[in-house]
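Below, each chain spelled out in residue letters.
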Amino acid sequence: MQIKPYVPGESKMDTDKPIRQLAANEAPLGASPKAIEAAQGSVAQLNRYPEGGAVALREKIGERFGFPAEQLICGAGSDEIIALICQAFTSEGSEVLYSQHGFLMYKISALAAGATPVSAPESDLRMDVDSMIDAMTENTRIVFVANPNNPTGSYSTKAELERLHAALPEDALLVIDAAYSEYVDAEAYSDGSDLVAQNKNVVMTRTFSKLFGLAALRIGWAYGSKEVIDILNRVRGPFNVSVPAQAAATAALDDWDWAMDAKHLNNRLLPAVTQRLRGMGLTVYDSVGNFILIDFSDADRATAADAFLRSEGIIGRGVAGYGLPTCLRMTIGTEDDMDVLTQALTRFIESESA
Ligand SMILES: Cc1ncc(COP(=O)(O)O)c(C=O)c1O
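Keep in mind that what you see is a predicted model, and the values were worked out from it rather than measured.

## Looking at the packing of helix 2 (residues 55–65) against helix 9 (residues 243–254)
Each pair of packed helices can be described by the angle between their axes along with the distance between the axes.
Piece 1. Between helix 2 and helix 9, whose axes approach to 9 Å, the crossing angle comes to 20°. It follows that helix 2 is roughly parallel to helix 9 by the angle criterion. Here the hand of the crossing between helix 2 and helix 9 comes out left-handed. Judged by residue contacts, L57, K60, I61, R64 and F65 of helix 2 engage Q246, A249, T250, L253 and D254 from helix 9.

## Topic: the pairing of strand 7 (residues 202–207)
Piece 1. Taken across its six residues, strand 7 has six buried, putting it largely inside the fold.
Piece 2. Here strand 7 shows no split at all, with V202, M204 and R206 on one side and V203, T205 and T207 on the other all buried.
Piece 3. Bridging between strand 6 (residues 173–177) and strand 7 involves four bridges; their strand directions are parallel. Within the sheet, the bridge partner assigned to L174 lies in strand 7 and is V202.
Piece 4. Viewed along the sheet, the connection from strand 6 through helix 7 (residues 193–198) into strand 7 turns out right-handed.
Piece 5. Note: strand 7 against strand 8 (residues 220–223), four bridges, orientation antiparallel. From the neighbouring strand, T207 faces strand 8, where its bridge partner is G220.

## Looking at the domain arrangement of the protein
Piece 1. When its domains are assigned, the protein resolves into domain 1 (20–30 + 257–353) and domain 2 (33–254).
Piece 2. For domain 1 versus domain 2, the separation of C-alpha centres amounts to 26 Å.
Piece 3. On the side of domain 2, 24 residues touch domain 1, which itself brings 25 residues to the contact.
Piece 4. Summed over both partners, the interface of domain 1 with domain 2 buries about 2,000 Å², with 64% contributed by carbon and sulfur atoms.
Piece 5. If you sort the residues of domain 1 by the area they bury against domain 2, K263, V288 and Y322 come out on top, with a joint share of 33%.

## Some remarks on the environment of M330
Piece 1. Structurally, the position occupied by M330 is in strand 13 (residues 324–331).
Piece 2. Judged by its relative accessible area of 0%, M330 is buried.
Piece 3. When the C-alpha atoms of M330 and F291 are compared, they prove to be 5.4 Å apart, with 39 residues separating the residues in sequence.
Piece 4. Beyond its immediate sequence surroundings of up to four residues, M330 is in contact with L22, F291, I292, I294, L309, I314, I315, G316 and L341.

## What to know about unusual backbone geometry
Piece 1. With an omega of 0°, the peptide bond running from N147 to P148 counts as cis.
Piece 2. Following N150, the chain continues into P151 via a peptide bond in cis, with omega recorded as 15°.
Piece 3. Here P151 lies in the loop between strand 5 (140–146) and helix 6 (158–166).
Piece 4. Even without glycine at this site, N25 takes up a positive phi of about 55°.

## Description of the pattern of salt bridges
Piece 1. For the structure on display, the rule yields 20 salt bridges.
Piece 2. One salt bridge connects D185 with K263, and the closest N-O pair in it is separated by 2.7 Å. Taken together, the positions of D185 in the loop between strand 6 and helix 7 and K263 in helix 10 (residues 256–279) put the pair 78 residues apart, joining distant regions of the chain.
Piece 3. Using a relative accessible area of 56% as the deciding quantity, one classes D185 as exposed.
Piece 4. Look at K263 and you get buried, because its relative accessible area is 9%.
Piece 5. The salt bridge involving K200 is made with E227; its shortest N-O contact spans 3.1 Å. Placement of the pair is K200 in the loop between helix 7 and strand 7 and E227 in helix 8 (residues 226–235), with a sequence separation of 27 residues.
Piece 6. Ionic contacts of the salt-bridge type, sharing partners, join the residues R20, D336 and D337 into one network.

Scoring rules and cut-offs
- Residues numbered from 1 in each chain as written.
- Predicted model: local features only at pLDDT ≥ 70, side-chain atom pairs only at ≥ 80, totals over all residues.
- Heavy atoms only, no water.
- Axes fitted to C-alpha atoms, helices over the stretch in contact; angles between N-to-C directions.
- Helix = DSSP H or I, 4+ residues; strand = E, 2+ residues; numbered from the N terminus.
- Parallel < 35°, antiparallel > 145°, perpendicular 65-115°, else oblique.
- Left-handed = near helix turned anticlockwise from the far one by under 90°.
- Contact = heavy atoms within 4.5 Å.
- Buried < 20%, exposed > 50% of the residue type's maximum accessible area, 1.4 Å probe, protein only.
- Pairing = 2+ DSSP bridges.
- Right-handed = clockwise from strand over helix to strand, strands pointing away.
- Domains from an automatic or database assignment.
- Buried area = accessible area lost by both parts, 1.4 Å probe.
- Salt bridge = Lys/Arg side-chain N within 4 Å of Asp/Glu carboxyl O.

The following block contains the structure:
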């Protein structure tokens, strides 16, 4: 089989040090207490199927973000929606295009659907519109852009997305995966929702796994044209989002202050830790997500740094699978996590010259 398994960020380690889980871009403060309470309160009738269309949740998402509920679909994580899109819009011979260091699930989902994955070179770890356009063929059916991208942390501008969309082959769908969009304040950024509003062939995917801290419940959503959402509704399982997931996500959107506090913590720590690590001589790429990509400029050094951090209880993410063997990706955790990370990397650098 051509599909290599997706290797998730690890969460366990054999050490007596406190574990700092910085491998999966999870929310360090957890979910809103109101979301947890809603999930707990939802389990009294486990014999009942969930509401199949996630109606209340879609209405809440629509209200919060300003999209029509009938143009929304919920899924068991945005991973499921990515897979459904590949299933619904490709067949053998179809090509699924994404950029060189794009999120791994695009390739996996394309292969699982029997389509051909195609990756286009990036420039400076950013999606390159011209290179994406060069890689388009008459067989291109889906173009995925993670905005911001994981694991690079870079983002594409509204103008770049518009130019990419304008060049799409007929019948192709542009999917803007905005899993980390809630963290981004950059003015030139777009989560793609404006393109969705104006075009039938654009979908934006979002998740409750990151800012809202609900990764365990598997809940994501997408905004697209009525036509695209109708097709996705036909291919999804009728009860694809569990009762606790729907309840918690709805409550999480009501606790907006919790989400904004989580965002502000991330957006305060992100530049601070970036500067500290750069000050220690490390290459840290600009990121607008809830993670940073540290380049150790040598694959062996990145592996040694990873092993050193693990011995200190810090679990980061090697990204060789993304074609970045010299790098490690680290989630922005709590303030304490970031202090421990910088101290550990200081000791690692000292150990190199010892
Ligand atoms: C860019 C991107 N898209 C989608 C996902 C999937 O998120 P989930 O399936 O938890 O919604 C992730 C998870 O790390 C991601 O980084």
